[in-house]
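Residue strings, one per chain:
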Amino acid sequence: MTLLLQALINGLMTGALIAVPAVGFSAIFAVLRYPNFAIASYATIGAFAAWWANVVLGLPIIPALVIAFAIAGTVGVVAEESALSRLRGNGALIVAIASIALNLVLENIIRFFFGNDMRGYDLPLMRDMRFGDLRIGPQQLQSLALAVVIMAAMFAFLRYTRFGKAMRAVADNPDLARLKGIDPARIAIVTVFLGAGLTGVGGVLIGLDTSIDPLTGYRVLLSVFAAAVLGGLGSIPGAVVGALALGIAEELALIAVPATYRTAVGFIAILIMLTFRPRGILGERAV
Amino acid sequence: MVSYVIFTLTLCGIYALLALSLNLIWGGVGLVNLGLAGFFAVGAYASALATGAGAPVLIGWTAALAVGAVVGLVVTFATLRLRDDYLAIVTLGFAEVIRLVALNERWLTKGSDGISGIKAPLKAELGLMGFNLFYLGLVTLIVAGIWLLLRRLDGSPYGRAMKAIREDQQLAAFAGKTVLRFKLQAFALSAAIAALAGALYAHFQSYVSPDHFQPLITIYIFLAVTAGGVGRPSGAVVGAYLVVIFLEATRFATEWVPGLQPVQVAALREILVGLALILVLHLRPQGLLPECIPRAPKPVPSKA
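Note that the structure is predicted; figures quoted are calculated from it, not measured.

Can you break down the overall build of chain A residue by residue, with the values?
In terms of regular secondary structure, chain A is built from 11 helices and 2 strands. The order of α-helices and β-strands along chain A, N terminus first, is α-α-α-α-β-β-α-α-α-α-α-α-α. Against the 2.2 N^0.38 benchmark of 19 Å for 287 residues, chain A shows a C-alpha radius of gyration of 18 Å, consistent with a compact globule. The principal-axis extent of the C-alpha atoms belonging to chain A is close to 60 × 45 × 35 Å. When burial is assessed residue by residue, chain A has 54% of its 287 residues classed as buried. By sequence separation, contacts in chain A at least 24 residues apart represent 76% of the contacts at least 6 residues apart.

Which residues make up the overall build of chain B, and what are the values?
Along its length, chain B carries 12 helices and 2 strands. Counting from the amino terminus, chain B carries its helices and strands in the arrangement α-α-α-α-α-β-α-α-α-α-β-α-α-α. Dimensions of chain B, computed from the C-alpha atoms along their principal axes, are close to 75 × 50 × 35 Å. Expressed as a percentage of its 304 residues, the buried residues of chain B come to 47%. Restricting to contacts in chain B with at least 6 residues of sequence separation, those with at least 24 account for 78%.

If you had to explain the interface of chain B and chain A to someone new, which residues and values would you point to?
Contact residues are listed per partner, giving 33 residues for chain B and 39 residues for chain A. Counting residues per element, the ones that place at least two in the side of chain B that touches chain A are α4 (84-104), α10 (216-228) and α12 (262-283) of chain B. A per-class count over the side of chain B that touches chain A returns 21 nonpolar, 6 polar and 6 charged.

Kindly report on the nonpolar core, identifying the contributing residues and their values.
By size, the foremost hydrophobic cluster in this structure holds 206 residues, and its most contacted members are A19 of chain A together with Y15 and A19 of chain B. By residue number, the principal contributor to this core is helix α9 (residues 179-205) of chain B, which donates 16 residues. Excluding anything up to four places from it in sequence, A19 of chain A contacts A147, M151, A227, A239, V240, A243 and L244 of chain A.

Can you tell me about the packing of helix α6 (residues 162-172) of chain A against helix α8 (residues 184-209) of chain A, naming the residues and giving the values?
All names here are of chain A. One way to put it is that α6 packs onto α8 with a least axis distance of 10 Å and a crossing angle of 110°. One finds that α6 runs roughly perpendicular with respect to α8. Within the contact between the two elements, α6 uses F163, A166, M167 and V170 and α8 uses P184, I187, V190 and T191. The class makeup of the residues in the contact of α6 with α8 is 7 nonpolar, 1 polar and no charged.

Could you give an account of the packing of helix α9 (residues 216-231) of chain A against helix α10 (residues 236-256) of chain A, naming the residues involved and the relevant values?
All names here are of chain A. The interhelical angle for the contact between α9 and α10, taken along N-to-C directions, is 115°, at an axis separation of 7 Å. The interaxial crossing formed by α9 with α10 has right-handed handedness. The residues of α10 that touch α9, namely those facing S223, A226, A227, A228, L230 and G231, are G238, A239, V240, V241, G242, A243, A245 and L246. For the contact of α9 with α10, the class distribution of residues is 10 nonpolar, 4 polar and no charged.

Summarise the confidence of the model for chain B; cite the residues concerned and give the values.
For chain B, per-residue confidence averages 91 on the pLDDT scale, and 99% of positions sit at 70 or higher. For this predicted complex, the interface confidence reaches an ipTM of 0.91, while the overall pTM sits at 0.92.

Can you break down helix α2 (residues 39-56) of chain A residue by residue, with the values?
Between its first and last C-alpha atoms α2 of chain A spans 25 Å; for 18 residues at 1.5 Å apiece the expected length is 26 Å, and the two agree. Of all 18 residues in α2 of chain A, 15 are buried, a share of seventy percent or more.

Outline the environment of D85 of chain B, listing residues and values.
Mapped onto the elements of the fold, D85 of chain B is located in helix α4. Classification of D85 of chain B as buried rests on a count of 22 C-beta atoms within 10 Å. Between the C-alpha atom of D85 of chain B and that of V32 of chain B, which follows or precedes it by 53 residues, the distance is 8.6 Å. Leaving out residues up to four positions away in the same chain, D85 of chain B has contacts with P35, A92 and L233 of chain A.

Can you lay out unusual backbone geometry for me, pointing to particular residues and giving the numbers?
In this model, R33 of chain A sits at a positive phi of 60°, which is unusual for a non-glycine residue. Given 16 C-beta atoms within 10 Å, R33 of chain A falls into the partly exposed group. Backbone geometry places S206 of chain B, a non-glycine residue, at a positive phi of 60°. The residue S206 of chain B is located in the loop between α9 and β2 (207-208) in this model. Overall, S206 of chain B belongs to the partly exposed group, with 14 C-beta atoms counted inside 10 Å.

Calculation rules
Residues numbered from 1 in each chain as written. Chains lettered and ligands numbered in written order. Predicted model: local features only at pLDDT ≥ 70, side-chain atom pairs only at ≥ 80, totals over all residues. Helix = DSSP H or I, 4+ residues; strand = E, 2+ residues; numbered from the N terminus. Rg over C-alpha atoms; globule rule 2.2 N^0.38 Å. Buried ≥ 20, exposed ≤ 12 C-beta atoms within 10 Å, placed from the backbone. Contact = placed C-beta atoms within 7 Å. Nonpolar A, V, L, I, M, F, W, Y, C, P; charged D, E, K, R; others polar. Core = buried A, V, L, I, M, F, W, Y, C linked by C-beta atoms within 7 Å. Axes fitted to C-alpha atoms, helices over the stretch in contact; angles between N-to-C directions. Parallel < 35°, antiparallel > 145°, perpendicular 65-115°, else oblique. Left-handed = near helix turned anticlockwise from the far one by under 90°. pLDDT = per-residue confidence, 0-100. Expected span 1.5 Å × (residues − 1).

This is the structure:
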């Protein structure tokens with residue numbers, strides 16, 4: 001029983017961390033209609049930007065997160081406008097392939113300057129909190145709180161601001177949105193900034209738990225995709241639900257299978273979901 | 001130097017097979033397989049294990065073809081009915097899972113140590129140089145054979161139906177084409193070719209390990225097919241040779257840049273590969289040898 005409860009808690013915590021980049025990915029997918037593989041490098045760039053702010057400049061973690069958001073978002077917009085936006089007319093698959101190439105370029109720029117070494121954030125060490133037999137790390141709890149606040153801010157933005165409403169309008173029906181005078185190019189830029197920025201913040205939150213290297217983003221890419229597909233590709237609330245479901249599924253499966261197969265759990269979960277309910281938990285039609 | 005050229009040309013042939021595999025599915029029915037490296041690995045391990053258990057090399061290669069096709073069907077069965085983006089995501093995940101299995105199931109794959117001592121056909125009889133030349137000839141012959149076959153396929157009614165599906169699924173379905181069946185068959189055949197490439201690679205190197213099947217290979221093959229021309233088997237083959245030459249050229253070019261660490265040299269080469277793919281997509285998306293789409297036949301004047 002304790003084992004299950006502990007797995008459930010751990011699952012919710014890792015799920016909440018995956019949810020942040022998954023929301024970023026889904027926002028870009030919802031508006032621009034292509035799966036952006038470059039989010040892996042945006043997550044890595046965010047993680048390194050926060051590392052630089054935290055270790056080199058000595059800033060605490062919250063300003064470091066803001067810097068990570070701004071830098072990852074800016075890199076995302078510049079990369080999108082220079083390497084991807086002109087390919088949109090050639091179909092989603094071509095943009096997706098270009099985003100894989102873009103990811104390779106950005107990941108290796110990081111590798112060129114920082115090398116393959118693992119780096120850790122400068123954080124105070126804290127003892128795990130115990131509740132009876134259950135253990136919770138204060139660092140994880142802080143990351144969880146940050147993830148919740150960031151996602152609440154994102155949902156408030158989408159719901160209450162003009163830009164947020166315009167983004168949802170474009171996602172829902174681009175032609176109708178244009179008729180209403182919404183400029184799709186501007187919405188695209190704002191969306192990519194937000195999406196890449198969130199992904200960058202997600203990279204930091206995931207790195208806080210362990211360490212970072214140029215492959216930090218690539219390692220979470222499959223989990224992010226799995227979360228987005230489980231929740232329903234293109235649905236932002238779906239990405240959150242999918243990420244939490246994935247986190248719990250991973251932790252429960254790890255009771256039975258070795259930890260090295262964590263990524264495989266997401267893959268199997270996608271296959272099962274696509275076989276029985278392709279639209280995902282909260283998604284639109286998938287055919 | 002001669003053995004370097006022979007080695008590179010053999011690698012060209014193996015990449016050409018992978019490019020033909022990708023072109024069949026991408027240029028054919030318009031789907032992408034981001035798990036090419038995974039199918040490549042499946043074929044390599046299937047043949048290595050089969051011949052390791054005592055089977056002759058030809059049986060090993062046949063096993064690779066069969067296992068590749070079956071795995072391809074199992075993985076994509078649920079996904080082929082859905083939008084194309086799902087297939088992209090699932091195949092990417094597949095390649096990663098294959099790598100994890102190869103790394104962790106030590107009883108089967110010897111983990112990161114890899115399988116060594118894979119049978120090299122006729123190596124004892126021909127000597128090292130003779131074997132390398134023989135193998136280069138064999139691989140080139142297989143590439144030529146599959147290239148011819150796929151060219152024939154492109155011109156056949158089957159190939160035309162595939163391209164109709166690529167252009168407009170609904171219209172093809174309306175014209176009575178069984179879209180899902182075509183996709184399944186094309187994917188299975190494409191996966192089998194990639195697996196055969198893996199088997200050829202394994203017996204050439206006599207050694208396979210999970211490190212040989214990095215996702216990077218998939219990107220190389222995408223570069224090959226886009227640079228050569230999507231939808232044309234000749235383009236895929238030419239593209240594969242060009243990509244290997246390009247990769248080797250970046251190796252020499254980056255060595256000339258002074259004062260770089262080895263990790264920076266490696267990073268620089270990968271940056272060049274990524275930039276090349278982005279540039280080709282922007283500047284010449286139809287590739288060097290664009291697909292030739294035959295003119296529709298003139299309507300036969302009806303006799304009054």
